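# Analysis of the macromolecular model
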Amino acid sequence: MSNSSFYFSSDSIRQKISFWCSALILASIFCSRFCITLGMIGLIANAVVHPNISNHFKSFFKDHLTWLLTAIFFITLLGYFQSDNVGYWAERVRVKLPFLILPFAISNLFPIDKKHFNKLIFIFWISIVLYSIYSVCHFIFHYHLVVQSYAAAQTLWTPKDHIRFSLAVACCVWLGIYLYRVEFYLKYPSEKYFYFFISLLLIIYLHILSVRSGLLGFYLSAIYFIFYFLLIKKQWKHALVASVVAIAICGIAIFSSPTIATKIGYMRYDIGEYLNGKNVQGKSDAGRLMSQEMGWDVLKNNILMGVGIGDVQDEVKKQYAALHPEIEDSQRFEPHNQFLFTAVGVGVLGAAFVFVAILLIFFQHKNYRKWIVSCVFIIMLSSFISETTLEIQIGTTLFLFLILLLHYQFKTLNEI
């Protein structure tokens, strides 16, 4: 066998490449688009450049989840034929590229050995923890300024995207608990307690950060976690302990956080302004509700085929101009709901396909019995209610990479 043939077919070498490319993506989600792209190129090259590539494609088409998720990219691609705004359409295609690359690559490269997989989880977890520590330090040194800013719907410092970052923090609560449960450590066995303790502190940080997407995702996943031990594992003592710990930590966080009370007060005022029909310009929650209302109005007239992915923003802005001309163009947002955005672009049938493809993750290979997969999935799915998570590169990468990584690593297990 030649050296090149050995290289392309060696499982150990391919696993090392998969590990380092995945580590690059996980470590750079919130700091470098270039590194994310480089990691994805490495993964797809590692999957494609193989003497048995035909077997990879056969396994790809046998797995319903992989080709359904990949089809989401092609739905966006076909939106070209209805779109007048080709530039906006091209941007949507670029953002959806991970749906073309990652399902094929990860399905053929994972699972990897448990030790390296746990290191990948640790790399992502520690990167989010370090960002959170810096954020807390910034909060401490600018305490009064930050608290006042929350009254104007602003947040404390986070890397790039505070909404997607809050989702990552919520995910890392459970990923840290996963590291604790599998007794992962780098040098000392007692490190597992560190992961558990810091993960509990991340819950408090989520409440200080007070981003509703992250909080909603955490609480929904916590409810699942409790019922998982109660109904699936039949371990009521674990469920009781989890409930008491969750209530205690969340109670401490809510009553001690100086930002969450301010955030709740602003939210009530914000939504009240919307319900009373007042100008919602510059208001966070009211602006989201208004964008969804405008999206529904556009969808009603294009229920089957939509307006074309490239024209979603333009058509919604026209609706704003017709019904709410007092709102400036810069405040006329696209529908802040992932499935509504998709329906406006490709119609209800296309949106239904996307919904089924994503929901299948929860049921494929009994993922609902695998608590770490389900907790991360619930957190990410909950963000679709008030965000277009998959229309931003960070959101698409975070959702797809984490979910596929966990899904294919634990694919052969009945439960965790």
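So, here is what we can say about the structure in this document. (Residues numbered from 1 in each chain as written. Predicted model: local features only at pLDDT ≥ 70, side-chain atom pairs only at ≥ 80, totals over all residues. Heavy atoms only, no water.)

## Details of the overall build of the protein
Put simply, the test is: Comment: elements are numbered from the N terminus, with helices defined as DSSP H or I runs of at least four residues and strands as E runs of at least two. In this scheme, a residue with accessible area under 20% of its type's maximum is buried, one over 50% is exposed, and one in between is partly exposed, where area comes from a 1.4 Å probe on protein chains only. The criterion used for residue contact is that any of the two residues' heavy atoms lie within 4.5 Å. In these tables, accessible area is a Shrake-Rupley quantity obtained with a 1.4 Å probe, and a residue counts as shielded only by the protein chains included in the view.
Of regular secondary structure, the protein possesses 19 helices and 0 strands. Taking all 416 residues of the protein together, the buried fraction comes to 53%. A sequence separation of at least 24 residues applies to 75% of the contacts in the protein between residues at least 6 apart. Working note: accessible area of the protein is about 18600 Å², and carbon and sulfur atoms make up 67% of it.

## Describing empty space enclosed by the protein
Using the following cut-off: Two kinds of site are reported from a 1 Å grid over the protein atoms alone, namely cavities, where a 1.4 Å probe fits but cannot get out, and pockets, open sets with protein on both sides within 12 Å along at least five of seven lines, and residues are called lining when an atom falls within 4 Å of a point. Grid points are joined across faces, edges and corners, and a volume is the space filled by probe spheres set on the points. Residue type decides the class: Asp, Glu, Lys and Arg count as charged, Ala, Val, Leu, Ile, Met, Phe, Trp, Tyr, Cys and Pro as nonpolar, and the leftover types, Gly among them, as polar.
Tallied over the full model, the rule gives 2 cavities of 30 Å³ or more. Around the largest cavity, the lining residues are Ile72, Ile75, Thr76, Lys96, Ile309, Gln338, Phe341, Thr342, Val346, Val354, Leu390 and Glu391. Only α5 (64-78) and α17 (338-363) provide two or more residues apiece to the lining of the largest cavity. Ranked by residue count, the leading element in the lining of the largest cavity is α17, at 5 residues. Here the residues of the lining of the largest cavity sort into 7 nonpolar, 3 polar and 2 charged.

## A closer look at the packing of helix α4 (residues 53-62) against helix α7 (residues 97-109)
Applicable threshold: Here an axis means a line fitted to C-alpha atoms, over the contact stretch when the element is a helix, while the angle between two N-to-C directions is reported on a 0 to 180 degree scale. Should an angle fall under 35 degrees it is taken as roughly parallel, and over 145 as roughly antiparallel, whereas 65 to 115 is taken as roughly perpendicular and any remaining angle as oblique.
Axis separation between α4 and α7 bottoms out at 10 Å; the angle between their running directions is 110 degrees. Taken together, the axis directions place α4 and α7 in an arrangement best described as roughly perpendicular. Residues Ile53, His56, Phe57, Ser59 and Phe60 of α4 form the contact with α7, whose own contacting residues are Phe104, Ser107 and Asn108. Taken together, the residues of the contact of α4 with α7 break down into 4 nonpolar, 4 polar and no charged.

## Regarding the layout of surface pockets
Where empty space is left in the structure can be found by rolling a water-sized probe over the atoms. By volume, the second largest pocket is sized at about 360 Å³. Surrounding the second largest pocket, 17 residues form its lining, Ile177, Phe196, Phe225, Ala242 and Val245 being those nearest its centre. At the level of secondary structure, the elements contributing two or more residues to the lining of the second largest pocket comprise α10 (162-181), α11 (191-209), α12 (212-232) and α13 (236-256). Looking at the lining of the second largest pocket, its residues break down into 15 nonpolar, 1 polar and 1 charged.

## Digging into the pattern of salt bridges
Here is the rule: A pair is scored as a salt bridge if a Lys or Arg side-chain nitrogen falls within 4 Å of a carboxyl oxygen belonging to Asp or Glu.
If you walk through the whole model with that rule in mind, you get 11 salt bridges. Residue aspartate 297 is joined to lysine 300 by a salt bridge in which the shortest nitrogen-to-oxygen separation is 3.7 Å. Here aspartate 297 and its partner lysine 300 are both found in helix α15 (residues 284-300), 3 residues apart, which amounts to about one turn of the helix. A residue is classified by how much of its surface remains accessible, and aspartate 297, at 17% relative accessible area, is buried. One network of salt bridges, in which partners are shared, links Asp161, Arg164, Arg288 and Glu387.

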